[in-house]
Amino acid sequence: MRKNYSREEILKLVEEEDVEFIRLQFTDIFGNLKNVAITAGQLEKALDNDCMFDGSSIEGFADVEESDMYLHPDYSTLEIFPWRPQQGKVARLICDVYRPDRTPFAGDPRYVLKRAVKEAEEMGFTFRVGAECEFFLFHLDDNGMPTTLTHEKAGYFDVGPADFGENARRDMVLTLEDMGFVVEASHHDVAPAQHEISFRYDEALTTADNIMTFRLAVRTIAKRHGLHATFMPKPKFGVNGSGMHINMSLLKEGRNIFAEEKDANGLSSEAYAFLGGIMEHMRGMTAVTNPIVNSYKRLVPGFEAPAYIAWSTTNRSSLIRIPAARGEAVRIELRSPDPTANPYLALAAILRAGLDGIRRQVSVPERVDCNIFRMSEQERSKRKLEELPGTLAEAVSCMEKDSFMKDTLGEHIFTKYVAQKKEDWNRYRSQITDWEINEYLNRF
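Residues numbered from 1 in each chain as written. Predicted model: local features only at pLDDT ≥ 70, side-chain atom pairs only at ≥ 80, totals over all residues. Heavy atoms only, no water.

Enquirer: Just checking my understanding: could you explain unusual backbone geometry for this structure?
Expert: Leave glycine aside and you will find that most residues have negative phi; peptide bonds, for their part, are mostly trans. Of note, the phi angle at Gln 361 is positive, near 50°, even though the residue is not glycine. For Gln 361, the location among the structural elements is in the loop between α8 (343-360) and α9 (377-382). Classification of Gln 361 as partly exposed rests on a relative accessible area of 48%. Not every positive phi belongs to a glycine, and Lys 384 is a case in point at roughly 60°. Within the secondary structure layout, Lys 384 lies in the loop between α9 and α10 (392-401). (Helix = DSSP H or I, 4+ residues; strand = E, 2+ residues; numbered from the N terminus. Buried < 20%, exposed > 50% of the residue type's maximum accessible area, 1.4 Å probe, protein only.)

Now the structure itself:
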């Protein structure tokens, strides 16, 4: 639970806890965590929003001629890192990025989500979100570099000794709890060396901040155990990939407006419209929810990840699932995002798509309760089931065609994001893979 620290309380806490370094953290357009480290002696300057950095050095941020940026710490995000020395401790503050004229920087992903949250608030809504983050634990080589090697063969919900990562996962949970997370569950996932830790839902901005902190904590603790934690969506062929399922509900005056007891699915008209908005804009936002070339190796039939735009109350092959919980606990689960997504941009796109659905009262198609992957092409065509983009190139093309995404991200981020993803795809498609060598070298 976050605390509403005052300036004086932060200064007092840093002194009492012997905090020597403070990391002023922010996130770039592509979801990479960055920081500027200061000593405790510079904390007052930072709390006065006077810490500056060179924005031209951050990919996608600013050009050299307009490079000066200021960091404005969010006081409620103060946390002391449990894994750092307990004498001369290290703390962090998550920051918003501002221009020299003290206006919010349009290229700051946190600002994009704040805009979307404000839009929801103006409609009387609070967006509540939970994330299920999956990851793999692999060995390091003799030089300390990551590999995709693991000796374990454990599967879903297995325990030690089959689960080799049990001790590391336990330490991750304890560390996250030390940092204020409410961890609801942790377990071994489907693939060997794959794990999941679920933490409690919260308001959208807090959840996005928590996802960034989660990634940092998991990778840090893994390394202390001599392992590499990767959130790469599909690091190994032939096994399930890692997703970041997004569970969401919308509150109005403290009540979950997605709930309707009289409805067969337990959903209100607002829930259906919200769901419809997401489905309508899904192809346009996939480049944000699944942002790298490797993301699309996961979104293929046969491995529990969705490949078609459909919804269901039971079917886990659908893009959107309505879990069994009813009443105030009812929620919508979006299953396509993966943990490489920038959480600020992804949640902003999802929220605004849902709000757009409510505004326009978008209708939803019939739910699909059978396994979509076992349907014939004719059956899918008859039901008018659209596919998710199959490659990053296709996803970027869909994003460019959806003016809603440009409006959501703002012109600065939209332009920089599209350009970088096109470059990523061009670099990828110019490579020669082992599959091509094995498939063609002997035949042609």
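Text resumes after the structure shown.
Enquirer: Would you mind showing me how to read the nonpolar core here?
Expert: The biggest cluster of nonpolar side chains holds 116 residues, and the ones touching the most others in it are Phe 214, Leu 250, Phe 274 and Ile 320. If sequence neighbours within four positions are ignored, Leu 250 has contacts with Phe 125, Thr 126, Phe 127, Arg 255, Asn 256, Ile 257, Phe 258, Phe 274, Leu 351, Leu 355 and Ile 358. (Core = buried A, V, L, I, M, F, W, Y, C linked by side-chain atoms within 4.5 Å. Contact = heavy atoms within 4.5 Å.)

Enquirer: Explanation requested: the pattern of salt bridges in the structure shown.
Expert: Pairing between side chains of opposite charge can happen when their charged atoms approach one another. Following the criterion strictly, the structure yields 24 salt bridges and no others. The partner of Asp 96 in a salt bridge is Lys 114, with the nearest N and O atoms 2.8 Å apart. With a gap of 18 residues between them, Asp 96 in strand β6 (residues 89-98) and Lys 114 in helix α3 (residues 109-122) connect regions that are remote in the sequence. For Asp 96, a relative accessible area of 9% corresponds to the buried category. With relative accessibility at 33%, the residue Lys 114 sits in the partly exposed group. Across the pair Arg 321 and Glu 333 runs a salt bridge whose closest N-O atoms are separated by 2.9 Å. (Salt bridge = Lys/Arg side-chain N within 4 Å of Asp/Glu carboxyl O.)

Enquirer: Would you mind going over the pairing of strand β12 (residues 244-252) with me for this structure?
Expert: On a regular strand, one side chain projects to one face of the sheet and the next to the other, so that they alternate. Burial runs high along β12: eight of the nine residues are buried. Both strand β7 (residues 126-139) and β12 contribute to a ladder of eight bridges, which runs antiparallel. When the sheet's bridge partners are listed, Val 129 is paired in β12 with Met 248. Where β12 meets strand β16 (residues 332-334), three bridges bridge the pair, whose relative direction is antiparallel. Within β16, the position partnered with Ile 246 by the bridge is Leu 334. (Pairing = 2+ DSSP bridges.)

Enquirer: Looking at this structure, I do not really get the state of the cysteines. What am I missing?
Expert: A covalent bond bridging the sulfur atoms of two cysteines is what the word disulfide describes. Under the definition given, this model contains zero disulfides. No disulfide involves Cys 51; its sulfur sits 8.1 Å from the nearest other cysteine sulfur, which is in Cys 95. With a relative accessible area of 8%, Cys 51 lands in the buried category. (Disulfide = S-S within 2.5 Å.)

Enquirer: Looking at this structure, I do not really get the side chain of Ser 312. What am I missing?
Expert: Here Ser 312 lies in strand β14 (residues 311-312). Assessed through its relative accessible area of 0%, Ser 312 is described here as buried. Separated by 3.3 Å, the side chain of Ser 312 and the backbone oxygen of Val 368 make a polar contact. If we ignore the near neighbours within four places in the chain, the residues touching Ser 312 are Ser 318, Ile 320, Arg 321, Ile 322, Arg 367, Val 368 and Asp 369. (Polar contact = N/O pair within 3.5 Å; in protein donor to acceptor, adjacent residues only side chain to side chain.)

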